[in-house]
Amino acid sequence: AQSYLAGLLADFAKPRWTTAETLRRPIALLLDEAMTRTGGERFERLRVLGDGVLYTTGFFRRHLESRGVALAYVAALGARAYDHAATMLNGRNATEGASDVLRELARNFEMFTLLLNEVADALLAQSAPATARATLELYETWLCSRSEPLARALIERGLVPLRGSETLH
């Protein structure tokens, strides 16, 4: 799963059109379209859909939440896509463990989205410019996530993240 996620992040650093499609079109429609295909095309569409949903819910979780998107529903669709892809590999001469990885992604979809969310927060903390506006955005994001990388970035900028009467320890 670790190697698969590293590849997924590399793929989304410069997404191909098939990968980017999951960022533009309704997920339920894409899942329905994938399920009507057969063979390799069906597998590839399911895998790409699972990847797109995983990436989107991991990297853009707060954006989706602010738009009122039901994350549990979206995650269920992504997990379902991975599960169907894994089922297609069972009983075939697939690469050793490939179906296991997809099944693991399906079963632990929410955990993997949270992991990618932490990666996104770490990247944001590292790449945010040292401006007042960027610092405010870091703080607002930290208020929602309580992310350690964001808290460290704020501390490096001379701020101690507080929420109510709580402090960072």
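Use the structure listed above.
Residues Leu 54, Tyr 82 and Leu 102 are the most contacted members of the largest nonpolar core, which totals 31 residues. The greatest single-element share of this core, amounting to 10 residues, is contributed by helix α6 (residues 71-89). Contacts of Tyr 82, omitting those with residues within four sequence positions, involve Tyr 4, Leu 8, Arg 47, Gly 50, Asp 51, Leu 54, Leu 102, Leu 105, Ala 106 and Phe 109. Membership of the second largest hydrophobic core comes to 9 residues, among which are Ala 128, Leu 138, Ala 151 and Leu 154.

Tracing the sequence through the fold places Pro 161 in the loop between α10 (148-156) and β1 (162-163). For Pro 161, a relative accessible area of 1% corresponds to the buried category. Placed 11 residues apart in sequence, Pro 161 and Leu 150 show a C-alpha to C-alpha distance of 9.1 Å.

Attention shifts here to unusual backbone geometry. Despite not being glycine, Arg 146 has its phi angle at roughly 60°, a positive value. Mapped onto the elements of the fold, Arg 146 is located in the loop between α9 (132-145) and α10.

Rules behind the numbers
- Residues numbered from 1 in each chain as written.
- Predicted model: local features only at pLDDT ≥ 70, side-chain atom pairs only at ≥ 80, totals over all residues.
- Heavy atoms only, no water.
- Core = buried A, V, L, I, M, F, W, Y, C linked by side-chain atoms within 4.5 Å.
- Buried < 20%, exposed > 50% of the residue type's maximum accessible area, 1.4 Å probe, protein only.
- Helix = DSSP H or I, 4+ residues; strand = E, 2+ residues; numbered from the N terminus.
- Contact = heavy atoms within 4.5 Å.

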